[in-house]
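Fold and contact review
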Number of protein chains: 2
Amino acid sequence: MRKPKTQNKPARVTMMDIAAAAGCSQAAVSFVLNDTPGTRISQQTRDRVWEAARALGYMEKTYTTKASYSGLDNVIGFAVDQLATSPEAIVAIEGARQASWNAGNVLLVTQTLSDPVMEPKAIEALTSGGISALIYMTIYTRQVELPSYVCKLNIPTVLLNCYTADHAFPAVVPSEIAGGQSSTRHLIMHGHHRIATITGEIWMQAAQDRLTGYRRALATADIPFDPELVIEGDWSAGAGYASTMKLLALKEPPTAIFCQNDRTAIGCYEALKDAGLRIPQDMSVVGYDDEEISRHLVPPLTTSVLPHLAMGQWAIEHLNPESTPGKRYPIAKLECSLVKRHSVAAPRAEARQILDGAYTSP
Amino acid sequence: MRKPKTQNKPARVTMMDIAAAAGCSQAAVSFVLNDTPGTRISQQTRDRVWEAARALGYMEKTYTTKASYSGLDNVIGFAVDQLATSPEAIVAIEGARQASWNAGNVLLVTQTLSDPVMEPKAIEALTSGGISALIYMTIYTRQVELPSYVCKLNIPTVLLNCYTADHAFPAVVPSEIAGGQSSTRHLIMHGHHRIATITGEIWMQAAQDRLTGYRRALATADIPFDPELVIEGDWSAGAGYASTMKLLALKEPPTAIFCQNDRTAIGCYEALKDAGLRIPQDMSVVGYDDEEISRHLVPPLTTSVLPHLAMGQWAIEHLNPESTPGKRYPIAKLECSLVKRHSVAAPRAEARQILDGAYTSP
DNA sequence: CGTTTCGGCTAATTAATATTAGCATCTATC
DNA sequence: GATAGATGCTAATATTAATTAGCCGAAACG
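Residues numbered from 1 in each chain as written. Chains lettered and ligands numbered in written order. Predicted model: local features only at pLDDT ≥ 70, side-chain atom pairs only at ≥ 80, totals over all residues. Heavy atoms only, no water.

**Some points on the overall build of chain A**
Scanning chain A from terminus to terminus reveals 11 helices and 12 strands. At a minimum sequence separation of 6, the contacts of chain A that also span at least 24 residues come to 72%. (Helix = DSSP H or I, 4+ residues; strand = E, 2+ residues; numbered from the N terminus. Contact = heavy atoms within 4.5 Å.)

Given below as structure tokens:
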């Protein structure tokens, strides 16, 4: 099985090759690649070694054991920070599985929990098994710093629902701005002019983007932005309830509320029920995330589906084996499509009149 | 880092050790373990080598790369047939994670989909990464045949929600009989005598067991079993609706219905609503599975939680490193605890009178 | 009864990596 | 400006596993 006999060409990249390329000894390469403690190697040499290893496509233990010839080429690692807390990760995994199915690829999933001690272990467990590609996902859309061990060897890597500052890897995230925009536009197209929104925790990227989308939709429809109609929530049903109450207490309450996630919408529903208002006749509501429960609310909630299935597929499709050092990838954005259910209707005639009046005669 | 210097004790199991134990050469061990094609080794020797390897706890590529000292001993493989179709797998994984967390173990999850070509690949991907233990889970409780590649090296293996005919591995399943029994008993304790049940697809173990529990609870309370009150469903809401309608059409309709899963209960709710009956005043209902939605039904559904979290923990706790060939393990059963919500009440006085009368004067 | 063949294995070799010991070179210190 | 440490690395060695070549005995064959 081992190709290089005595006089043959290398056929496999060995530490010797790297040493030659990096201009140092095999021992040094071993030290660097294994990060052996207690050895003094300058950062420059370390960099050169890693670069050479990457460039030559060095794979650990290529020669050892059967790993190389037992078909393990087709294992794709999938690291996610949280698996159990929300269904998105599962959906993304399913998308990745579907996309890699016909190619006969196997997915190996692990949870990092963003724990500084567990994450390296988890990724190590993945990579040391000889994966041929890595998908790195976070539950919340955010910027991440890929630890060095992720990009150690040049396995193709794709970021799912996150991105790095240097854009060194292909990355895909939901298009939250477009999502916020289409949700709001949906309400506008039903004839609403006075549309409130209850945001999530505003420091989160998703909340900011959905709000941006909201403002954009208003602007596109030439509806002036009214800060009074934006209430800062925190993704929770409780905040949804309180925020809705605040909106209802306004001198000119809205005729529609864009809740920036479904849990907020649940609180919103409660508040409207307590206030004696009917959905959608007296108040239209849209949610976001398309959680399971939104199908079972009365009336069923119009909301946006997070495109995690598509993101999983996208990730698989963009696992390019060619490693182009220094290349920069734009962040791909996939659409959050609106699923229309029964929580949106045209504003009541009188309300519309009043509001139209308010606009025409300031 | 490598312990055995020239004169030291082995500290790691090497092919030499196996060769000594099996009474052959290191080369022979290499041939056997790698299944090198084109070599002639008798079956007896192969067996001896594997046995010795198992007994000594040989781990592939122990010496090579950092695998040995980077904590890869603590990787636990988790193979499940379906990941996305239902939340149970996730819950079990979470249980396993929690239980192995403090020990610093990493979980590596893969999906087999019960596909004859994917499953070997998936498990191979897991094992070749050097896992130290394997948990094998199925979504539906059932008997499985562990393919040979699962038990190749003596990594401790536990079966979750499934079991083998030969009981060669520790296995844990939910105690469905006890669950059916306690659900029914709960209704009996509220004063119900005429209790119907809508089963799942009866060929499934779970459906049979839940029915058995139902009958046992009746027997314990000295309530005669009435086949008229058992309707065969198929786990679907549609069947729940139809079955409930059938029950309501009975000459002596029940005062309580034990739906053997939550989806059935949803159909049951619908049917009762359509029939103008109130829950729980006119009809008590209990479900099974504690799906997310049962919390949001009106009234919230009393149901049983599948103990998948506990099963995940149990699995981790029973990953005994000691391999006792030929040992037989009993199948462990974990309780499905009843979560009481608002779908059960005492039967209405008149109904109770009628029924009591029916019993006392046959 | 000698010879061939082949199954079943081992010894010896080779390839690869890990690790130890130590050699330069630089740097700060007295 | 000698010297004691670091610092940064390499040569040599050790360990392990894969592979080749070939030995030995038994069965098959003439």
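The discussion continues.
**Some points on the nonpolar core**
Among the nonpolar cores identified, the biggest contains 50 residues, and A:F78, A:I135, A:L160, B:F78, B:I135 and B:L160 are the most heavily contacted of them. Discounting residues that sit within four places of it in the chain, A:F78 has contacts with A:A92, A:I93, A:A96, A:L107, A:L108, A:V109, A:T110, A:L126, A:L134, A:I135, A:M137 and A:L160. If you look at the next biggest cluster of nonpolar residues, it comprises 42 residues, including A:L134, A:Y136, B:L146 and B:L159. (Core = buried A, V, L, I, M, F, W, Y, C linked by side-chain atoms within 4.5 Å. Buried < 20%, exposed > 50% of the residue type's maximum accessible area, 1.4 Å probe, protein only.)

**Focus: the sheet that holds strand β5 (residues 171-174) of chain A**
Strand order in the open sheet formed by 12 strands is β11(A)-β5(A)-β4(A)-β3(A)-β1(A)-β2(A)-β2(B)-β1(B)-β3(B)-β4(B)-β5(B)-β11(B), with mixed pairing between adjacent strands. Of all the strands in the sheet, just β11 (331-334) of chain A together with β11 (331-335) of chain B have a single pairing partner and so form its edges. On average, each strand axis in the sheet is inclined to that of its neighbour by 25°, with strand direction left out of account. Packing of helix α6 (residues 176-189) of chain B onto the sheet brings it into contact with β3 (133-143) and β5 (171-175) of chain B, and relative to β5(B) it is tilted by some 15°. (Pairing = 2+ DSSP bridges. Axes fitted to C-alpha atoms, helices over the stretch in contact; angles between N-to-C directions.)

**Side note on the packing of aromatic side chains**
This structure, assessed with the given rule, holds four aromatic pairs over all chains. With centroids separated by 6.3 Å and ring planes inclined at 40°, the aromatic side chains of A:F258 and A:Y288 adopt a geometry described as tilted. In this pair, A:F258 is assigned in strand β8 (residues 256-259) and A:Y288 in the loop between β9 (284-286) and β10 (303-305), connecting sequence segments 30 residues apart. Here A:F258 matches A:Y288 in class, with each residue buried. Directly above the aromatic system of A:F225 lies the positively charged group of A:R215, at a separation of 3.7 Å from the ring centroid. One Lys or Arg, B:R97, reaches over the ring of B:W101 and ends 5.1 Å from the middle of that ring. (Phe/Tyr/Trp six-rings, centres within 6.5 Å; stacked < 30°, edge-to-face > 60°. Lys NZ or Arg CZ within 6 Å of the ring centre and 35° of its normal.)

**Some words on helix α8 (residues 237-248) of chain A**
Residue and element names in this part refer to chain A. A rise of 1.5 Å per residue sets the reference length of α8, with its 12 residues, at 16 Å; its end C-alpha atoms lie 16 Å apart and thus fit the reference within 8%. Taken together, the buried positions of α8 are A239, G240, S243, T244 and L247. Buried residues of α8 fall within an arc of 130° about the axis and therefore sit on the same side. In this structure, the buried residues of α8 make contact with β6 (195-198), β7 (230-231), β8 and α9 (262-274). (Expected span 1.5 Å × (residues − 1). Arc of directions from axis to C-beta.)

**Topic: the side chain of B:Q181**
All names here are of chain B. Relative to the elements of secondary structure, Q181 occurs in helix α6. Judged by relative accessible area, Q181 falls into the buried class, the value being 19%. Excluding residues within four positions of it along the chain, Q181 makes contact with G213, Y214, R216, A217 and T220.

**Remarks on empty space enclosed by the protein**
Applying the stated rule across the entire model yields four cavities of 30 Å³ or more. There is about 80 Å³ of room inside the second largest cavity. Lining the second largest cavity we find A:R97, A:S100, A:W101, A:N105, A:V106, A:L107, B:T110, B:Q111, B:L113, B:M118 and B:A122. Going through the elements one at a time, α4 (88-101) and β2 (106-111) of chain A together with β2 (106-111) and α5 (118-128) of chain B are the ones with two or more residues in the lining of the second largest cavity. (1 Å grid on protein atoms, 1.4 Å probe; cavity = no way out; pocket = protein on both sides within 12 Å on 5 of 7 lines; lining within 4 Å. Points joined across faces, edges and corners; volume = space filled by probe spheres on them.)

**Some remarks on the pattern of salt bridges**
Tallying each qualifying case throughout the model produces 26 salt bridges over all chains. In this structure, A:R341 and A:D290 form a salt bridge, with 2.5 Å as the shortest nitrogen-oxygen distance. In this pair, A:R341 is assigned in the loop between β12 (337-339) and α11 (349-360) and A:D290 in the loop between β9 and β10, connecting sequence segments 51 residues apart. The pair formed by A:R341 and A:D290 is uniform in burial state, with each residue classed as buried. With its nearest N and O atoms 2.8 Å apart, the salt bridge here joins B:E94 to B:R97. Here B:E94 and its partner B:R97 are both found in helix α4 (residues 88-101), three residues apart, which amounts to about one turn of the helix. Exposure class is identical for B:E94 and B:R97. Each is buried. The network of salt bridges with common partners includes A:R194, A:D226, A:E228 and A:E252. (Salt bridge = Lys/Arg side-chain N within 4 Å of Asp/Glu carboxyl O.)

**Side note on the sheet that holds β8(A)**
Residue and element names in this part refer to chain A. Spatially, β7-β6-β8-β9 is the arrangement adopted by the four strands of the open sheet, whose pairing is parallel. Because the sheet does not close on itself, it has two edges, and the strands there are β7 and β9. Pairing analysis gives three bridges linking β8 to β9, with the strands arranged parallel. Looking at β9, one finds that F258 is bridged to V286. Together, β6, β7 and β8 form the strand contacts of helix α7 (residues 205-220), whose direction differs from that of β6 by roughly 175°. Of the strands in this sheet, β6, β7 and β8 are in contact with α8, which crosses β6 at around 150°.

Purely geometric stuff here, so don't read any function into it on its own.
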